[in-house]
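Examining the three-dimensional arrangement
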Amino acid sequence: MMNLGSLSLSTSKSSKPMVSISFWIPYFTHWGESLLVCGSAPGLGSGNVKKGLLLKPSQQDDQLIWSGSVSVPPGFSSDYCYYVVDDSKSVLRSEFGMKRKLVVPETLTGGESVHLRDLWQSGDQALPFRSAFKDVIFHHSFDVKVEKPLGVFMNKSDQDDSVVVQFKICCPDIGEGTSVYVLGTPEKLGNWKVENGLRLNYVDDSIWEADCLIPKADFPIKYRYCKVQKEDSIGFESGGNRELSLHSIGSKQEYIVMSDGLFRAMPWRGAGVAVPMFSVRSEDDVGVGEFLDLKLLVDWAVDSGLHLVQLLPVNDTSVHKMWWDSYPYSSLSVFALHPLYLRVQALSERLPEDIKEEIQKAKNQLDKNDVDYEATMETKLSIAKKIFDIEKDQTLNSSTFQKFFSENEGWLKPYAAFCFLRDFFETSDHSQWGTFSDYTDDKLEKLISKDNLHYNTICFHYYIQYHLHVQLSAAAEYARKKGVVLKGDLPIGVDRNSVDTWVYRNLFRMNTSTGAPPDYFDKNGQNWGFPTYNWEEMSKDNYAWWRARLTQMGKYFTAYRIDHILGFFRIWELPAHAMTGLVGKFRPSIPLSQEELEKEGIWDFDRLSKPYIQKKFLEEKFGDFWPFIASNFLNETQKDMYEFKEDCNTEKKIVAKLKSLAEKSLLLENEDKVRRDVFDILRNVVLIKDPEDARKFYPRFNIEDTSSFQDLDDHSKNVLKRLYYDYYFQRQEDLWRKNALKTLPALLNSSNMLACGEDLGLIPSCVHPVMQELGLVGLRIQRMPSESDVKFGIPSNYDYMTVCAPSCHDCSTLRAWWEEDEERRQQYFKEVIGVDGIPPSQCIPEITHFILRQHVEAPSMWAIFPLQDMMALKEEYTTRPATEETINDPTNPKHYWRYRVHVTLDSLLKDTDLKSTIKNLVSSSGRSVPANVSGEDINKSRGEVIANGSTKPNP
């Protein structure tokens, strides 16, 4: 490291002999961008980028090189990092990974020149230091003993015809007894022979380095790093030879430090299993999967050759205190864990017999095919309360509880107060709480005061969260020790009536709702009901709420999935009165201005932005029922033209009106169908007027599908089609890119977890480049290809920085998908499996094996499979109707999340056949082996499908 002292080194008047430190890094910039180096020393800005050392560009061969220098006395050290800045030195992007460390050895006497040859550290190069790899996958490599201090030169540059070159490589995955060498063309690098090569020393943080004196006459040199376990086991890094030429090297004493980045090897690839916490079943649970069940799941994963367990969100969602709360993405608190996953037996080592009997009775009653959310929650809290009454004094006075409380009281106290008020007022809608509707710290302290009669209730919520923390922490530590990555899930939103919107109301736009535009999941778009974020307000404290949220997750997980990562680029924002997700707009986005439209000859804004309702449309949609619709919902504005009445001019008002008509037995048609049809008329607009600025407009999604658009003149159609395409696919790209580069780094830098982004849906072109730059791992679902010109994704073409999967919790399982869509099944059988003929009507194990094999052989970093898809490898686990295995139906906002695996983990652990099948599948593909192993020819699986598929006739 390079602490360049307390003096401003660039202006130092010290008479001490100085060492020249020069920075040299190849990097291609865009117009208006420059490179800057900033470090902890005054000469490098003392951590202030604005005061950092601005580098100068020069073209060398086919590279753009940025360089600059400072003079420092021997013995100084500092951290430093490179930044891309604009003309005002504002940061546009920075390196990822650990800060670079540079030492200026005290053995230098002054007058020397040290040249730092660096490579830009991109996001993916920082991945080995994320906790998923550092603390789990590669944990053995980080136990290597330090052999020498960082930055010390073992050779001295005291010959004018020679240069000291220090070779430095990052090698995070090292097997026991392995050494790292650099071999190359000069004699000092062994002339490519290991026995004469330069052995590197371990200096900490996965960095290996060594130096040697190389004659200038030997330059340019070619070299490469390798791992050596035994003399006959040499693993050269992949790619071409590295090269080093002398650029502007003088005759004085010269030192070159070659920071060569990561050891170039075939990247590590692993496989994992995905299952919601509530879906797990064990012999010990009470009605639902519990945190301590994760130990069994980890054991099963290890036995099956898997290195990852992925869960859905596990935060408390107890907003309504009914089955609606089964929706795991609607957080009551982004910090509190869900009491649903508590193991009540583990609350005390001295349970009375009557409580033991009650627990056993509850286990028997709740051991159902699906989760009974309400009964399970009520039962667990009731039993926990009885144990709390016995154990509370001992637990609340213990040192472990006191430590937990002091570390978490910032969120724990508001959470406990919220739960009390929710139960007292019988609603989580904090606008109904009278004086407590507006949160203040003073009100909170009064609410949780020990003097209150309800203090015992407050402590009960503390007690439950403490034990949830203890149980999940135990499971997380068990996973780490077993070499299994525990992957959590970060929901994009929070419930409108949550602790977070109560305490941090200014961080949310409460008059709006989040969702997604029409996509694979729903042609009408999705409306999740969460308020959108006030990013401008969040930025004022550098996104402290987000950083705290990720820090909390990092206590338990070593990787996480960012739900709907597109929301960090732009969110689909809907008015609070909307119920569906079709008529929304992106936030942020650049709207169509009234001036812009007028220049294009578009003038009639009421015609375009209000529902276009003609009598002929009503007759076509409702037939003889149209007069009833017109009289109850519409006013005639002119002959055969209508507009909505004030009491039913939004989706929520329409639903209320229909309910009223139905209660009065006036609605003679199907209520759901009438609602959909009336919604269609309400959404028959071309432009959406900005509710905050009447001179700004947004084109309605899929405007060409509306009769309002179809009834326009040709000129207006052409103009609006062009502006529609511009709005959705062109004008926003730079805005969204910059927005993501502001928000996402706050998440990534606030924890050391490996981050994966769910990037499904309508993907702006800026998304994947930004994810690549930030080192974010994407998601690829085969039946939802990101390419527009293919029907099915091709796993062998996936990028390394992806998670690949045949299905996920938001779509049907492999078995259900195979059975539900005959046309797609036939396309897949012919185009992907490569077989002409009639496919089997069910997803037989051979087909499952083929599909899973495709994915484990993909280049993706992770192949993660829903547990249901893995169980489909064995016929005895396919007796349950496939439709019952689906976890979520995105088209149904009131879907009951209750799927339970019909086999206990205890039984799966005993099933050596299934574990062996999965392990062989994974290991034959080279997953979890850092080598270029392709696995067996996939044609073998294709032959199995042909043979087995043709012997089973279709019904």
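Residues numbered from 1 in each chain as written. Predicted model: local features only at pLDDT ≥ 70, side-chain atom pairs only at ≥ 80, totals over all residues. Heavy atoms only, no water.

**Focus on the overall build of the protein chain**
Applied cut-off: Only DSSP runs of H or I with at least four residues qualify as helices, and only runs of E with at least two residues qualify as strands; both kinds are numbered from the N terminus onward. For this measure, only C-alpha atoms enter the radius of gyration; the expected value for a globule follows 2.2 Å times N^0.38, where N is the number of residues. Each residue's exposure class comes from its accessible area (1.4 Å probe, protein chains only) as a fraction of the maximum for that residue type: buried when under 20%, exposed when over 50%, partly exposed otherwise. Residues count as neighbours in contact if any of their non-hydrogen atoms are within 4.5 Å of one another. Areas reported here follow the Shrake-Rupley algorithm with a probe of radius 1.4 Å; residue values treat only the protein chains shown as occluding. Charge counting follows a simple rule: Lys and Arg are positive, Asp and Glu are negative, and His as well as the terminal groups are ignored. By convention, the point assigned to a charge is CZ for Arg, NZ for Lys, CD for Glu and CG for Asp.
Across its full length, the protein chain carries 27 helices and 39 strands. Scaling as 2.2 N^0.38, a compact globule of 955 residues should have a C-alpha radius of gyration of about 30 Å, and the protein chain matches this with 32 Å. With the C-alpha coordinates of the protein chain rotated into their principal frame, the extents come out at 100 × 80 × 75 Å. When the 955 residues of the protein chain are sorted by exposure, 56% land in the buried category. Of the contacts formed within the protein chain by residues at least 6 apart in sequence, a portion of 73% connects residues at least 24 apart. Total accessible area on the protein chain is roughly 40,500 Å²; 49% of this is exposed by carbon and sulfur atoms. Within the protein chain, one finds 112 positive and 135 negative side-chain charges whose respective centroids are separated by 2 Å.

**Some points on the nonpolar core**
Keep this limit in mind: Side-chain atoms within 4.5 Å are what join buried Ala, Val, Leu, Ile, Met, Phe, Trp, Tyr and Cys residues into a set we call a nonpolar core. Where a domain begins and ends is set by an automatic assignment or by a domain database.
Leu294, Trp300, Trp545, Trp546, Tyr560 and Ile562 are the most contacted members of the largest nonpolar core, which totals 185 residues. Looking at this core, you find at least three residues from each of domain 2 (271-510) and domain 3 (581-728). Filtering out sequence-adjacent residues up to four positions away, Leu294 remains in contact with Met277, Val309, Leu311, Leu472, Ala475 and Leu486. Formed by 28 residues, the second largest nonpolar core is a distinct cluster that contains Ile21, Val37, Leu64 and Tyr80.

**Observations regarding the sheet that holds strand β32 (residues 634-638)**
Across a sheet, strands are paired by hydrogen bonds formed along the backbone, either parallel or antiparallel in direction. Cut-off, in case you're wondering: A pair of strands counts as paired when DSSP detects no fewer than two bridges linking them.
Spatial ordering of the open sheet is given by β31-β33-β32, a layout of three strands whose pairing is antiparallel. Two strands lie at the open edges of the sheet, namely β31 (613-614) and β32, each paired on one side alone. Summarising the sheet, β32 and strand β33 (residues 641-644) pair through four bridges and their orientation is antiparallel. Along β33, the bridge assignment pairs Asn635 with Glu643.

**A word on the pattern of salt bridges**
Pairing is possible between side chains that carry opposite charge, provided their charged atoms lie close to one another. Basically, it comes down to this: Salt bridges are identified by distance alone: a Lys or Arg side-chain nitrogen within 4 Å of an Asp or Glu carboxyl oxygen.
Inspection of every chain in the model, using the stated rule, returns 61 salt bridges. Linking Arg587 and Glu536 is a salt bridge whose minimum nitrogen-to-oxygen distance equals 3.2 Å. With Arg587 in strand β29 (residues 585-587) and Glu536 in helix α9 (residues 535-538), this pair connects stretches of sequence that are 51 residues apart. Residue Glu536 is classed as partly exposed on the basis of its relative accessible area of 48%. Asp734 serves as the salt-bridge partner of Lys738, at 3.1 Å between the closest nitrogen and oxygen.

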